[in-house]
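Inside the fold
Each chain, letter by letter, is given below.
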Amino acid sequence: NATLKADYNLLHQSGHNIYLRPASGYWVNIDSGSGLYVGGSVSATNTITTTKTVDSGTGALIQLKHFRSSGATGFGDDLGTIDHIFKDSAGNEDVGVSMVASMGGSSGDNTHGSESTKFKIQTLKDSGTLTDSLVLEDQGVGFGISSPTTHYDHVLHVHDSNGNANIHLTNSTTGSAAGDGTD
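Conventions we followed
- Residues numbered from 1 in each chain as written.
- Predicted model: local features only at pLDDT ≥ 70, side-chain atom pairs only at ≥ 80, totals over all residues.
- Heavy atoms only, no water.
- Helix = DSSP H or I, 4+ residues; strand = E, 2+ residues; numbered from the N terminus.
- Buried < 20%, exposed > 50% of the residue type's maximum accessible area, 1.4 Å probe, protein only.
- Contact = heavy atoms within 4.5 Å.
- Pairing = 2+ DSSP bridges.
- Axes fitted to C-alpha atoms, helices over the stretch in contact; angles between N-to-C directions.
- Salt bridge = Lys/Arg side-chain N within 4 Å of Asp/Glu carboxyl O.
- Polar contact = N/O pair within 3.5 Å; in protein donor to acceptor, adjacent residues only side chain to side chain.
- pLDDT = per-residue confidence, 0-100.
- Patch = residues over 30% accessible without salt bridge, like charges linked within 9 Å, V, L, I, M, F, W, Y side chains within 5 Å.
- Areas by Shrake-Rupley, 256 points an atom, 1.4 Å probe, with all protein chains shown as cover.

The next subject is the overall build of the chain. When helices and strands are tallied, the chain shows zero helices and 10 strands. For the chain, the N- to C-terminal ordering of α and β elements is β-β-β-β-β-β-β-β-β-β. In the chain, which comprises 183 residues, the proportion classed as buried is 17%. A fraction of 14% describes how many contacts in the chain between residues 6 or more apart in sequence connect residues 24 or more apart.

Following this line, the structure appears as structure tokens:
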């Protein structure tokens, strides 16, 4: 079933692709080989929105699912990635921030009941390389390091390859400037 507002065109072409395009503005493509695309003119909002209206219960949900056709998801498999992309001064598309969920926290186990996962946020450094800026896994939190390590059960691990790692603790009494609190 399809319901279209006035001035919209629904096109079905070979390859099981569906294109929804108004006379002007944004467009939606559902491509059997590549996925869902939402785009449009500068004035369009270009957002994907999911809405759930209920009086109680859980809210709206977006799921990124990863399954192997040959069996269980494996250690190190990316479960889903969201990239924030911009154009540089030469017109090249660059990933500025990448958020990646993957199998395999510290244990790397995907056995039912013992699974572990990792979530990382990578940011673009001056060198043009995406670098792990924040990593969350079952053993702890890491800043500037891909795998937080500790001899204890949980850790906050801060690492800087230039030797400038530090933890700065402040509160409402000490103030929040660079010289306030405890370094």
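What follows concerns the pairing of strand 7 (residues 117-124). Where strand 6 (residues 93-103) meets strand 7, seven bridges bridge the pair, whose relative direction is antiparallel. Considered in strand 7, the bridge of Ser102 is made with Lys118.

Right, let's talk about the sheet that holds strand 5 (residues 78-87) for a bit. Taken together, six strands build an open sheet; the order of strands is 5-6-7-8-9-10 and the sheet is mixed. Of all strands in the sheet, those with a lone pairing partner are strand 5 and strand 10 (155-158), marking the two edges. The mean inter-strand angle of the sheet, taken between neighbouring strand axes irrespective of direction, is 15 degrees. Across four bridges, the pairing between strand 8 (residues 130-137) and strand 9 (residues 140-143) is antiparallel.

Next up on the list: the pairing of strand 9. Only one face of strand 9 is covered, namely the face carrying Gly140 and Gly142; the face carrying Val141 and Phe143 is uncovered. Hairpin connection between strand 8 and strand 9: a loop of two residues separates the two successive antiparallel strands. Taken together, the four bridges between strand 9 and strand 10 define a ladder with parallel strand orientation. Pairing of Gly140 across the sheet is with Val155, part of strand 10.

Another aspect to go through is the pattern of salt bridges. If you walk through the whole model with that rule in mind, you get three salt bridges. Of the charged contacts, one joins Asp77 and Arg68 as a salt bridge, the two residues approaching to 2.8 Å between their closest N and O atoms. When its relative accessible area of 13% is taken as the criterion, Asp77 is described as buried. Residue class for Arg68 comes out partly exposed when judged on its relative accessible area of 39%. The partner of Lys120 in a salt bridge is Asp132, and the shortest N-O contact between them spans 4.0 Å. Of this pair, Lys120 sits in strand 7 while Asp132 is found in strand 8, placing the two residues 12 residues apart along the sequence. According to the relative accessible area criterion, Asp132 is buried, its value standing at 9%.

Residue position: Asp88 is located in the loop between strand 5 and strand 6. A distance of 3.0 Å separates a polar atom in the side chain of Asp88 from the backbone nitrogen of Ala90.

With that settled, consider the confidence of the model for the chain. Averaged over every residue, the pLDDT of the chain is 76; the share at 70 or more is 69%. The spread of mean pLDDT over the elements of the chain runs between strand 1 (residues 8-13), the lowest at 56, and strand 7, the highest at 91.

There is a patch of nonpolar side chains on the surface, built from Phe143, Leu156, Ile167 and Leu169 and spanning about 370 Å² of accessible area. Classification of Phe143 by relative accessible area gives partly exposed; the value is 37%.

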